[in-house]
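Remarks on the overall topology
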Amino acid sequence: GRPSTYASIINTVQDRGYVRKVGNQLVPTFTAIAVTSLLEQYFPHLVDLGFTAQMEQTLDDIASGDAEWLPYLSNFYRGGGGLQEQVKDQEEKIDPRQACTIQFDDLDADVRVGRFGAYLEKPAENGDDPLRVSLPDTIGPADLTAEQAELIVRRKLSGAEEFGRHPDSNLPIYVKTGPYGAYVQLGEDDAPKVVRTTLPKGFTPENITLEQAIGLVGL
C-alpha cells in the first residue's frame, strides 16, 4: 500500500545519502543538491511536476490492478525517449567535475561532492593546488555560511580538527605539521596505536583530499 511505498522511498533516499534525519525532519545533503542540479540540467523531464504527477497516477493504477506494470516499466526504460535512451544521449555531455560542484554566492570557495562526502575547494592565492577541506556531516547546504567555512578552513590548517573518519575503523584522521614536515595521522594522539604517514612529495595540508589521506594511512 501507499504507506509502505513512502517508507521504502524514505529509506532509499537515506541509504543513498540524499537526506539525513535531524529529529523528525529529513534534511537534504550536498549530494542531493548536486544530483538535483544534474537532473534539472540534463534530464528536466524527470523532475517536471507534470511528469511526476502522471507517474504517480500510473503507479496508483498499477497498484489497483487497472494497469499492467511490465509494459509501463518497459516503455519507461526502453521506449522511445525512455530513460535508457536519455542517459545514452546525455552521458557524454556531462562534465563529472561540474556535476559534483556546488557554487554558493556568498562563499569564496566551491563545495564539491566526493567519494567520502562533501568538501570545500578554495583556489590558492599563489597559483598552487587549491585548498581542500572536508565538511562535517552535521552541516547541510542551508546551514553553511561564509563564517563557518572560514572556521573549518582554519581548523584544518591548524591540525587540531579531525580531517575525517576512516571508513573501515571509524577512527579520526588528522593532517598535521611537525618538526619534520607534514603528515597524516590515524587515531588520537594518546591512543595505544597511532599511525602516522609523512605526506609524499606533491602533497600538502592545503591540497590533500580525504580519499588520499585514507590511502596514505593504509600504506
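This one's a predicted model, so the numbers in the text were calculated from it and none came from an experiment.

With that out of the way, let us pick up the packing of helix H4 (residues 69-78) against helix H5 (residues 83-90). Contact geometry for H4 and H5: axes closest at 4 Å, N-to-C directions at 10 degrees. Viewed along their axes, H4 and H5 adopt a mutual orientation that is roughly parallel. In this structure, H4 uses Phe 76, Tyr 77 and Arg 78 to contact H5, whose residues at the interface are Leu 83, Gln 84 and Glu 85. Of the residues belonging to the contact of H4 with H5, the class tally is three nonpolar, one polar and two charged.

Here the focus is the nonpolar core. Ranked by internal contacts, the top residues of the largest apolar core, which has 18 residues, are Phe 30, Ile 102, Val 111, Leu 120, Leu 135 and Leu 144. Elements represented by at least two residues in this core include exactly helix H2 (30-42), strand S4 (110-114), strand S5 (117-122), strand S6 (131-134) and helix H7 (146-158). The element that contributes the greatest number of residues to this core is H7, accounting for three residues. In contact with Phe 30, not counting residues within four places along its chain, are Ile 102, Phe 104, Val 111, Val 113, Ala 118, Leu 135, Ile 139, Gly 140, Pro 141 and Leu 144. Judged by nonpolar contacts, the second largest core, of 13 residues, contains Ile 173, Val 175, Leu 186 and Ile 208.

Following the criterion strictly, the structure yields ten salt bridges and no others. With a closest N to O distance of 3.9 Å, Arg 20 and Asp 143 form a salt bridge. Here Arg 20, found in strand S1 (residues 19-22), pairs with Asp 143, found in the loop between S6 and H7; they are 123 residues apart in sequence, far enough to count as distant. Put simply, Lys 122 and Glu 150 hold a salt bridge, and the shortest N to O gap is 3.7 Å.

Where strands meet in a sheet, backbone hydrogen bonds hold them as pairs that are either parallel or antiparallel. Here four strands make up an open sheet; going across it, the order is S3-S4-S5-S6 and the pairing antiparallel. The sheet terminates laterally at strand S3 (101-103) and S6, the two strands that pair on one side only. The average undirected angle you get between the axes of adjacent strands in this sheet is 30 degrees. Sheet strands in contact with H7 are S5 and S6, and its direction is about 100 degrees off that of S6.

Below, the discussion takes up the side chain of Ser 134. With respect to the helices, strands and loops of the structure, Ser 134 is situated in strand S6. Separated by 3.5 Å, the side chain of Ser 134 and the backbone oxygen of Phe 163 make a polar contact. In contact with Ser 134, other than residues within four places in its own chain, are Ala 118, Tyr 119, Ile 152, Phe 163 and Leu 210.

Before going further, it helps to examine the pairing of strand S9 (residues 181-186). Burial analysis of S9 places five of its six residues in the buried class, which makes it a mostly covered element. Pairing between strand S8 (residues 172-178) and S9: six bridges, direction antiparallel. When the bridges of S9 are listed, Thr 177 appears paired with Ala 182. Here four bridges tie S9 to strand S10 (residues 195-198), and the two strands are oriented antiparallel to one another. Following the sheet pairing, Leu 186 is matched in S10 by Val 195.

Residues Glu 85, Asp 89, Glu 91 and Glu 92 make up a contiguous surface patch of negative charge. The residue Glu 91 is located in the loop between H5 and helix H6 (96-99) in this model. For Glu 91, a relative accessible area of 48% translates into the label partly exposed.

Looking now at the sheet that holds S8. Taken together, four strands build an open sheet; the order of strands is S7-S8-S9-S10 and the sheet is antiparallel. Edge positions in the sheet fall to strand S7 (164-165) and S10, since each has one partner strand and no second. Together, S7, S8, S9 and S10 form the strand contacts of helix H8 (residues 210-217), whose direction differs from that of S9 by roughly 80 degrees.

Definitions and cut-offs
- Residues numbered from 1 in each chain as written.
- Predicted model: local features only at pLDDT ≥ 70, side-chain atom pairs only at ≥ 80, totals over all residues.
- Heavy atoms only, no water.
- Axes fitted to C-alpha atoms, helices over the stretch in contact; angles between N-to-C directions.
- Helix = DSSP H or I, 4+ residues; strand = E, 2+ residues; numbered from the N terminus.
- Parallel < 35°, antiparallel > 145°, perpendicular 65-115°, else oblique.
- Contact = heavy atoms within 4.5 Å.
- Nonpolar A, V, L, I, M, F, W, Y, C, P; charged D, E, K, R; others polar.
- Core = buried A, V, L, I, M, F, W, Y, C linked by side-chain atoms within 4.5 Å.
- Buried < 20%, exposed > 50% of the residue type's maximum accessible area, 1.4 Å probe, protein only.
- Salt bridge = Lys/Arg side-chain N within 4 Å of Asp/Glu carboxyl O.
- Pairing = 2+ DSSP bridges.
- Polar contact = N/O pair within 3.5 Å; in protein donor to acceptor, adjacent residues only side chain to side chain.
- Patch = residues over 30% accessible without salt bridge, like charges linked within 9 Å, V, L, I, M, F, W, Y side chains within 5 Å.
- Areas by Shrake-Rupley, 256 points an atom, 1.4 Å probe, with all protein chains shown as cover.
- Lys, Arg positive; Asp, Glu negative; His and termini not counted.
- Charge placed at Lys NZ, Arg CZ, Asp CG, Glu CD.

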